[in-house]
Amino acid sequence: MSKRISVFLNGDNLYAFQKKNFWVDPQAILDWVNNQIGPVADAYYYLSCLPQNTKQMTFVRALEHFGYITRAKKGKRYEFEKDDGSPEAEYEFEKANLEVDFVCDLLTTQAVYNTAVLICPSKDALRPIELSKASGKSVSVVGPTIYTSKDVIDTVGPRNFIDLSSIEEHIIRK
């Protein structure tokens, strides 16, 4: 049986990582998966956005052009205060509850893939990862070590976990 890969990317978690680290090129990450893990059969990108925000909607269209199936929902606004106590927010973002969509796609599309690559999954993905593995699927996780649940890493095993920073040179937005 040939290797078929499905990518499930939690855009909200990736965005939170990018705000403090480096920016990831969504096309480059698919290219990296194709070159390092195997041919991508399909790719899902989950993100919060506001339909009236033209910049966000342009990004959604770009993701679709790159080959992602997008799952976008209107999010709730969150603000994080600066450490210095000043009244303005350090940064703010929209976050929607997309974990259910992520889990549903991971479990209902198992006929398409034999390997799932989860990028920046939340801890909520733990049980679906266990179910996917019990169904004979291989599961790899790509994410920042400090933000990825130890339980998720332990469940996929250290050989199937890739720290996002270790592949920075291949996926950084130039």
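About the thresholds
- Residues numbered from 1 in each chain as written.
- Predicted model: local features only at pLDDT ≥ 70, side-chain atom pairs only at ≥ 80, totals over all residues.
- Heavy atoms only, no water.
- Helix = DSSP H or I, 4+ residues; strand = E, 2+ residues; numbered from the N terminus.
- Buried < 20%, exposed > 50% of the residue type's maximum accessible area, 1.4 Å probe, protein only.
- Contact = heavy atoms within 4.5 Å.
- Areas by Shrake-Rupley, 256 points an atom, 1.4 Å probe, with all protein chains shown as cover.
- pLDDT = per-residue confidence, 0-100.
- Lys, Arg positive; Asp, Glu negative; His and termini not counted.
- Salt bridge = Lys/Arg side-chain N within 4 Å of Asp/Glu carboxyl O.
- Polar contact = N/O pair within 3.5 Å; in protein donor to acceptor, adjacent residues only side chain to side chain.
- Pairing = 2+ DSSP bridges.
- Axes fitted to C-alpha atoms, helices over the stretch in contact; angles between N-to-C directions.

(A) Representation of the overall build of the chain in the model. Secondary structure summary: the chain contains 7 helices and 8 strands in total. Residues counted as buried form 47% of the 174 residues belonging to the chain. Taking the contacts inside the chain whose residues are at least 6 apart along the sequence as the reference set, 63% of them involve residues at least 24 apart. For the chain, the computed accessible surface area is about 9300 Å², with 51% contributed by carbon and sulfur atoms.

(B) Broad picture of the confidence of the model for the chain. Across the chain, pLDDT averages 88, with 87% of residues at or above 70. Taking the mean pLDDT of every element in the chain, the minimum, 56, falls on strand 5 (residues 89-95) and the maximum, 97, on strand 6 (residues 115-119).

(C) Just the side chain of Asp 42, in detail. With respect to the helices and strands, Asp 42 occurs in strand 2 (residues 40-48). Buried charge Asp 42 goes without a salt bridge, the closest partner of opposite sign being Arg 71 at 8.3 Å. A polar atom in the side chain of Asp 42 sits 2.3 Å from the side chain of Ser 6. Among residues more than four places away in sequence, those in contact with Asp 42 are Ile 5, Ser 6, Val 7, Ile 69 and Val 112.

(D) How the structure looks around the sheet that holds strand 2. The strand order 3-2-1-6-7-8 describes an open sheet built from 6 strands, whose pairing is parallel. Looking at the sheet topology across the chains shown, the edges are occupied by strand 3 (68-73) and strand 8 (161-163). Strand-to-strand twist in this sheet, taken as the mean axis angle between neighbours without regard to direction, amounts to 15 degrees. Relative to strand 8, strand 7 (residues 138-143) runs parallel, the two sharing 3 bridges. Across the sheet, residue Gly 143 finds its bridge partner in strand 8, namely Asp 163.

(E) How the structure looks around the environment of Asn 21. Along the chain, Asn 21 turns up in the loop between helix 1 (11-20) and helix 2 (26-36). Relative accessible area serves as the criterion here: at 42%, Asn 21 is assigned to the partly exposed category. Through-space distance from the C-alpha of Asn 21 to that of Pro 144 is 9.9 Å; in sequence the pair is 123 residues apart. At 2.8 Å, the side chain of Asn 21 and the backbone oxygen of Phe 17 are in polar contact.

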